[in-house]
Each structure stands twice: as C-alpha cells, then as structure tokens.
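Observations on chain architecture
So you can see what is in the structure, the chains are spelled out below.
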Amino acid sequence: MQAFIKYTIEGMLHYINLIFGLLDFKDLGFMWIIIIGIIIAFFVSKDVRKNVLGLVRSSLNVIKTLPGFVFLILFLGYYFYVAIFFEEKITFVVLILSIYLFVQDFFKTNLNLLLESENSIFDSIKDISFPVILLCIQQVSMMFENSTFNNLNYVLLSLLVIPIYSILFFVMKHYCIYTDFYTRYKKYIDIDDYSFFKIFNDSLVKCGTYKENERVLSKFIMDNRKKSYKEMKIRLNQDIRKIISDETKDYKKKRKNIKYKPSKLFVIFNYIWIFNIANVLVSVFFKRYLNTPFDFWYYFSYMILLIYFWYDLMKLKKIENQYDFIMYMFIYIILIIFLLLYNYSLTAFRLTELGFLIPIFIVIRLCTYYKKFPNLLTLPFLSKNNFFGLNPEDYKKK
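To start, this report covers the structure provided alongside it. Each residue is numbered by its place in its chain's sequence as written, counting from 1. Residue-level local features of this predicted model are given only where pLDDT is at least 70; pairs of side-chain atoms are given and counted only at 80 or more, and the full residue set underlies all totals for whole chains, interfaces and linings. To obtain the side-chain values, all non-hydrogen atoms of the structure were included, while hydrogens and water were left out.

Once that is clear, we can look at the nonpolar core. Residues belong to one nonpolar core when they are buried, are Ala, Val, Leu, Ile, Met, Phe, Trp, Tyr or Cys, and are joined through side-chain atoms within 4.5 Å. Note on classification: 1.4 Å probe, protein chains only; a residue is buried when its accessible area is under 20% of the maximum for its type, exposed when over 50%, partly exposed between these limits. In this structure, Phe309, Phe356 and Phe361 are the most contacted members of the largest nonpolar core, which totals 33 residues. The way it works is that DSSP assigns letters per residue, a run of H or I at least four long becomes a helix, a run of E at least two long becomes a strand, and they are numbered from the N terminus. Contributions of two or more residues to this core are made by α1 (2-23), α12 (264-290), α13 (296-313), α14 (322-345) and α16 (357-368). Tallying contributions element by element places α13 first for this core, with 8 residues. The contact definition used throughout considers only heavy atoms, calling two residues in contact when any of these lie within 4.5 Å. The contacts of Phe361, once residues within four sequence positions are left out, are Trp273, Ile277, Tyr302, Leu305, Leu306 and Phe309. Membership of the second largest hydrophobic core comes to 20 residues, among which are Ile177, Ile189, Phe200 and Cys207.

Spelled out as structure tokens, the structure:
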C-alpha cells in the first residue's frame, strides 16, 4: 500500500512537470508564432494598432494614480524576486506567468478597487494568488523531480506576496471608496474628513458590504445634512437599521442562477464521449502494463475525442459574434495541433506520458458541460465585445 501511494504521488508530480513543460513552447516555436502574429496585426490593422496604443495610454494613466503606483512597485518587486532568486534558468513558463501577473492582474486590481466592481475582496485576492501558487507548485514539483531542495526557502518566501497584496488591496479599496464617497457628498457634510471617516466605518460595519453602505449612507447624509459629529453619530445608531431595512426592500433583488440544461441529443453524444474516453484509457493501460500495441480503434477513438475537445474549448469563451467564432476556432485548432506535437515528443513510457491528454480532455469537458456551444448562424458579424476591440459601427458604414 505504501509503495502504491508513493508511486501515485510520483506520477502526479511527474504529470505536473509535463504540464509545465507543455507551457514552455520554446521548442515548438509557439511563442514566436504568437509574438510575430501580434506584430503583424499591429502594423497591418489600423484598428488593432489604435486599440493597442489606447491600452498603453490607459496603462500610463493608471500608473499615475496612488494605487496604480503602489501595485506597480509590488508586482515589479515580485517579478524581479522570481528572476533573481529562483534557482532554475528563467524559462517561458516563468516569463508567461510573470507577465500574466504583471499585466492582467495589474489592470484587474485597479478596476476591482472601484465600488462598481462585481468582484469581492476575496475574488480579487484569489485572482492574484492563482499564478503565484501555480508558479510555486511548478518549482516544488521540479525539486521533487530532481531531488534537490536547495531553493525551497526562496520559493516559499515568494508566497509572501499574497498576504502583502491582500493587506494593500484592502487598505487601497477602503481608501478609494471612502475618498470617492466623501468627495461626492462633501457639500452636505459639515464635519472634517477624519470624523466622517469614523461615521463611514461605523456604517460599513453595520451594512456589511461597500455597495450596501453606499446606498444606506447616501440616504442618511441627505436626511442629516450639515449636522455635527455627535448628532450624526446618535442619528446613525438610531436610524441605520431602519434605513438598511428600507433600502433592502427597494434595491436588493434575489438573483436566480439559471442553469443550462443539456438537451437529450447532447446527453446521447456525451455517452459516446464516455465510451471513447474509456476505450482510450483501457488501451493506455494495456500498452503500459501488457505492452499491447495501439490498434485502429484506439486511434479512431482519439480522433473522436479531439473533435469533442475542440467543441468543448469553443464553449470556454463567451463568443458573441461571428468574428470571434472564427478567431477562436483557428486559435483552438492551432492549440490542438501543438498539444499533439508536444504529446508526440514525450517518451511515452509512463502512464502520465501515454495518456497525457486524457486528464485535459476530462477537465475541459467537466468545466464546459453546462455551457452552450455558440451558434455561428445566429450570431451577428461583429459586436461591441470582440477579440481586438474593433468598433462595429465602422464596419456597418462600409
């Protein structure tokens, strides 16, 4: 039993290393294809160039703000820490995850500071934690693979960016929302900003959320204009529960999550998928332990699963127009080709190598089971939310 557990753990760690090896597309030239494609699109398409330059200008404007500057320093500090102290040579895995952390989460963080953001504080911390933890797992699994743990302390210390970010994000979000509220209602407030800050905090504790506090406190301010701190404090304790109750009746609506129910035809095709995945699994086990060669039915089932895989990948994104449908269709076809190339490059001796794509097939199917496949014929040619941010009105005139 102990040997089986050890064998299973070693297999899982080896599979994690294979996944991160997949992300390092250096040998396949995948990153160069993406980079060259973006450069060509940038120079050829005026609309793409315009949107990219707009994104750069927006980045500079964000950095000029206090929260933007603080988080820029934090993310850059983490990036340089990874570059300097991690034992291995910087690969595309590290580069991709660092850029993901630095660019995507930088913008998301600054947007999540706003009151209008739908993300909670926990959601924001979870977003920033994912690439950090993923990179940590990659480093630890590599240490187990190589049986060297000299760099473990540096890897574990990299996790400190999560609590540091959490504290900074909470403080900055509180600061931004309070500052915005006080600025908008300052003409109705006759006390200094520090005294009103205490009123704001007391109200927030009773309301529980920033959005609820915004509604309740704005009504309270309008009903208690130009009053002293003591008067406002007394009235707040007396009226807050009633205001919360009234505002809840007026504004709070229960949201029902409408779950997509797969059609009977989809359920039938899902049974076909299950049959083929089982056939591939059996063939892989026979190959590994009985050295049985793959037969025609294995390759036939694999081809069927690849078609299903493309179908499931197309459901990952919320595709709103035909333009995006074609874009993602080609992107996912290219992705599948490179997955096959990487799979073919493996030594194909262990179970994790022989059946490398099987867990990916299963995970993607589970993630997209209750999502609809976009219908190309019913979609508009171009909508506001599209791949390159193009303006649909420009194309209607043509």
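Having seen it, we continue.
At their nearest, the axes of helix α8 (residues 161-185) and helix α9 (residues 193-207) sit 11 Å apart, and the two run at 115° to each other. Considering the angle they form, α8 stands roughly perpendicular to α9. In terms of crossing hand, the pair formed by α8 and α9 is right-handed. Taking contact as the criterion, the partners of His174, Ile177, Tyr178, Phe181 and Tyr182 in α8 are, on α9, Asp193, Phe196, Phe197, Phe200, Asn201 and Leu204. Residue classes in the contact of α8 with α9 are distributed as 8 nonpolar, 2 polar and 1 charged. Inter-axis angles, ranging from 0 to 180 degrees, are taken between N-to-C directions of lines fitted to C-alpha atoms, where helices are fitted over the stretch in contact. In what follows, roughly perpendicular refers to angles from 65 to 115 degrees, roughly parallel to angles under 35, roughly antiparallel to angles over 145, and oblique to any angle outside these ranges. Should the near helix be turned anticlockwise from the far one by less than a right angle, the crossing is termed left-handed; should it be turned clockwise, right-handed. Under this grouping Gly is polar, as are all residues other than the nonpolar Ala, Val, Leu, Ile, Met, Phe, Trp, Tyr, Cys and Pro and the charged Asp, Glu, Lys and Arg.

Another aspect to go through is the pattern of salt bridges. Proximity of charged atoms lets side chains of opposite charge pair with each other. Put simply, a salt bridge is a Lys or Arg side-chain nitrogen that is within 4 Å of an Asp or Glu carboxyl oxygen. Scanning all chains against the criterion turns up 6 salt bridges. Of the charged contacts in the structure, one is a salt bridge between Arg184 and Glu214, with a shortest N-O distance of 2.7 Å. In this pair, Arg184 is assigned in helix α8 and Glu214 in helix α10 (residues 210-223), connecting sequence segments 30 residues apart. Where Lys233 meets Asp202, a salt bridge forms, and the shortest distance between an N and an O atom there is 2.2 Å. A residue pair is termed long-range when its members are at least 10 positions apart, and Lys233 in helix α11 (residues 229-251) and Asp202 in helix α9 qualify at 31 residues. Judged by relative accessible area, Asp202 falls into the partly exposed class, the value being 22%. Here the residues in one salt-bridge network are Asp180, Arg184 and Glu214, joined through shared partners.

Under the convention used throughout, the expected extent of a helix is 1.5 Å for every residue step, that is, one less than its residue count. Between its terminal C-alpha atoms helix α4 (residues 66-85) stretches 28 Å, which fits the 28 Å expected from 20 residues at 1.5 Å a residue. Those residues of α4 not exposed but buried are Pro67, Gly68, Phe71, Leu72, Leu74, Phe75, Tyr78, Tyr81 and Val82.

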